[in-house]
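Commentary on secondary and tertiary structure
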Amino acid sequence: MHQTRFFIGVFLVVLLSFLLDKYVYAGIRTITDNWKSTKLKKFIRRGYWALSWGVTATMLVYPVFGMRNAFTYWILSIFFTLFVTKLVFTLVLFGEDIYRLIVGMIKTVFNSGTSDKPAKPGRRKFMSQLGLALAAIPFASSLYGMIIGKYDYKVHRHTLFFDDLPEEFDGFTITQISDVHTGTFDNAEAVQRGIDMIKDQKSDLFVFTGDLVNNVADEVEPWMNLFGQLRAPFGQFSVLGNHDYGDYMEWESEEAKVANLDKLKKHHADMGYRLLLDENITLEKNGQKISLLGVENWGDGFIQKGDLEKALNGVDKDSFKILLSHDPSHWQNIVNTHPSNIHLTLSGHTHGMQMGIETPTMKWSPSELRYAHWAGLAEANSRYLYVNRGFGFLGFTGRVGIWPEITVLELRKKAVA
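Residues numbered from 1 in each chain as written. Predicted model: local features only at pLDDT ≥ 70, side-chain atom pairs only at ≥ 80, totals over all residues. Heavy atoms only, no water.

Quick word on the pairing of strand β7 (residues 288-294)
Here is the key point about a regular strand: its side chains alternate between the two faces of the sheet. Along β7, five of the seven residues are buried, which leaves the element largely enclosed by surrounding structure. As paired strands, strand β6 (residues 279-285) and β7 are joined by seven bridges and run antiparallel to one another. Counterpart to N280 in the pairing with β7 is L293. Here β6 folds back onto β7, and the loop between the two strands holds two residues, one of which, N286, carries a positive phi near 50°. For β7 and strand β8 (residues 321-324), the ladder comprises four bridges, and the chain directions are parallel. In the sheet register, L292 faces β8, and the bridge partner there is I322. (Buried < 20%, exposed > 50% of the residue type's maximum accessible area, 1.4 Å probe, protein only. Helix = DSSP H or I, 4+ residues; strand = E, 2+ residues; numbered from the N terminus. Pairing = 2+ DSSP bridges.)

Some points on the sheet that holds β7
One open sheet accounts for six strands, arranged β6-β7-β8-β9-β13-β12; its pairing is mixed. With one partner strand each, in any of the chains shown, β6 and β12 (376-380) form the two edges of the open sheet. Taken over all neighbouring pairs, the strand axes of this sheet differ in orientation by 20° on average, direction set aside. The pairing of strand β9 (residues 344-347) with strand β13 (residues 383-387) spans four bridges and is classified as parallel. Residue pairing in the sheet places S347 in a bridge with V387 of β13. (Axes fitted to C-alpha atoms, helices over the stretch in contact; angles between N-to-C directions.)

As for the environment of L130
On the secondary structure map, L130 appears in helix α5 (residues 125-147). Classification of L130 as partly exposed rests on a relative accessible area of 32%. As for L130 and I303, which are separated by 173 residues in sequence, their C-alpha atoms are 45 Å apart.

Observations concerning the sheet that holds strand β1 (residues 154-162)
Taken together, the six strands give an open sheet; going across it, the order is β1-β14-β2-β3-β4-β5, and neighbouring strands pair in mixed fashion. The two strands at the open ends of the sheet, each matched to only one other strand, are β1 and β5 (274-275). Pairing of strand β3 (residues 205-208) with strand β4 (residues 236-238) involves three bridges; the strand directions are parallel. Its bridge partner lying in β4, V207 is registered against F237. This element, helix α6 (residues 188-200), spans β1, β2 (172-177), β3 and β14 (405-413) of the sheet and lies at about 10° to β14. (Contact = heavy atoms within 4.5 Å.)

Structural notes on the pattern of salt bridges
It is possible for side chains of opposite charge to pair when their charged atoms get near one another. Tallying each qualifying case throughout the model produces 17 salt bridges. In this structure, the salt-bridge partner of R389 is E405, at a minimum N-O distance of 2.9 Å. You can see R389 sitting in the loop between β13 and β14 and its partner E405 sitting in strand β14, a full 16 residues away along the chain. For the residue pair R389 and E405, the accessibility class agrees, reading buried in each case. If you follow the salt bridges from partner to partner, you end up with D170, E410 and R412 in one network. (Salt bridge = Lys/Arg side-chain N within 4 Å of Asp/Glu carboxyl O.)

Comments concerning the nonpolar core
Within the largest apolar cluster, 31 residues are counted, with the highest numbers of intra-cluster contacts made by I177, F185, V191, I198, F206, F227 and F391. Mapped by element, the contributors of at least two residues to this core are α6, β3, α7 (224-227) and α8 (254-270). Here F185 is in contact with A70, Y151, V180, V191, W223, F227, F391, G392 and F393, once residues within four sequence places are set aside. Ranked by size, the runner-up nonpolar core spans 24 residues in total, among them I281, Y384, Y386 and L411. (Core = buried A, V, L, I, M, F, W, Y, C linked by side-chain atoms within 4.5 Å.)

Some words on the side chain of S178
Checked against the element boundaries, S178 lands in the loop between β2 and α6. Polar contacts involving the side chain of S178 include one to the side chain of T209, which spans 2.8 Å. (Polar contact = N/O pair within 3.5 Å; in protein donor to acceptor, adjacent residues only side chain to side chain.)

Here we look at α6
For an α-helix, 3.6 residues make a turn, and residues three or four places apart therefore share a direction. Its 13 residues place the ends of α6 18 Å apart at the C-alpha level, agreeing with the 18 Å of an ideal helix rising 1.5 Å per residue. A190, V191, G194, I195 and I198 are the residues of α6 that are buried. One side of α6 holds all its buried residues, which, seen down the axis, span an arc of 145°. Set apart from the buried face of α6 by more than 90 degrees, the exposed residues are E189 and D200. Among the structural elements, β2, β3, α7 and β14 are those in contact with the buried residues of α6. You can read the cap of α6 off the contacts: a side-chain oxygen lies 3.2 Å from the backbone nitrogen of E189, and it is on N187. Phi for K202, located one or two positions after α6, is positive at around 50°. (Expected span 1.5 Å × (residues − 1). Arc of directions from axis to C-beta.)

Some words on unusual backbone geometry
For H181, which is not glycine, the phi torsion reads 50° and is therefore positive. Along the polypeptide, H181 turns up in the loop between β2 and α6. When its relative accessible area of 0% is taken as the criterion, H181 is described as buried. Positioned with a positive phi, H351 is a non-glycine residue whose angle comes to about 60°. Within the fold, H351 resides in the loop between β9 and β10 (357-359). Given the relative accessible area of 6%, H351 is considered buried.

Below, the structure written as structure tokens:
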């Protein structure tokens, strides 16, 4: 059933793409009508159809391979880039067509039978040129995101203050990454550069908050030597994300799916990560302690295996607590109002939709339509949530405006007034 819906979805998107072609080609004809070179005119017009139909036809084979490797993600991303470009161009021309239709109707009513000229005005070359210029913006941005942006790692630093942080942990640092999605990587040198940036932070603790792979455990194997380089004095800890369970592909049997997850868990261990599965560990420094908790995935609209009560088992109610939970909706729905005070929750999952706008005065992404907290720091009931923007990428093999993130958090004890 899932595979059938996937095929139908791809077919409908491809069909819509062909419908957009009609509008875009009309704009290209308008732009090239007065060109003196007939050969250049034909080259541009035929070249457009060759490019558009070639990319769209490639998209038709996408369901056969599915989301399995970097190549298929490139197919999807190139199609997506052209689709958005055509959509912007079409919206401009469609807006002009509405204007032309209204003008034509007015002329028909008031000039009926008095003129041989067509009532509906023709397309204006300027509007087609404007549409092309506006469409070039998402096209160029997507290309940049696919070639450069997806590996343009940014370090985000924040200092968090707590009344009850044990004194020995004043100044304690945590480096977090999330959503690696190794199945989409295609540049080992660029990924190594990101790994080196993580190592350069020299934090006390390293945590990974889920989605190591897209679907299958094998995806991480070519990258284990890179991510296995990460070490911290207080250890390396991880949790699972929704993609790690293999729910987004067809398995030959339930046993095969279970074996895949078991293999992935072993890969965490082989890289030196302590995978927390609804459990907790104690971090101790000079006799003082804090509790680190980790839950399986719990997401609103996604798999809900995480058991916070189980993860809290044995933890003192007055202990300073840090929770690793992949999906920020867990914090929104449960954690920030839980009877046990969980001081800091670290999540990922959203990727910030891998596109948006972030400036010193503005932060926006389509993620806002789905998540109350989709990137950065949030606070409620004296409890913090930090949502990492993701280290990797998925679906669209690029990032535009929302760059891959390495998070560094410093814990500080509030000074007594």
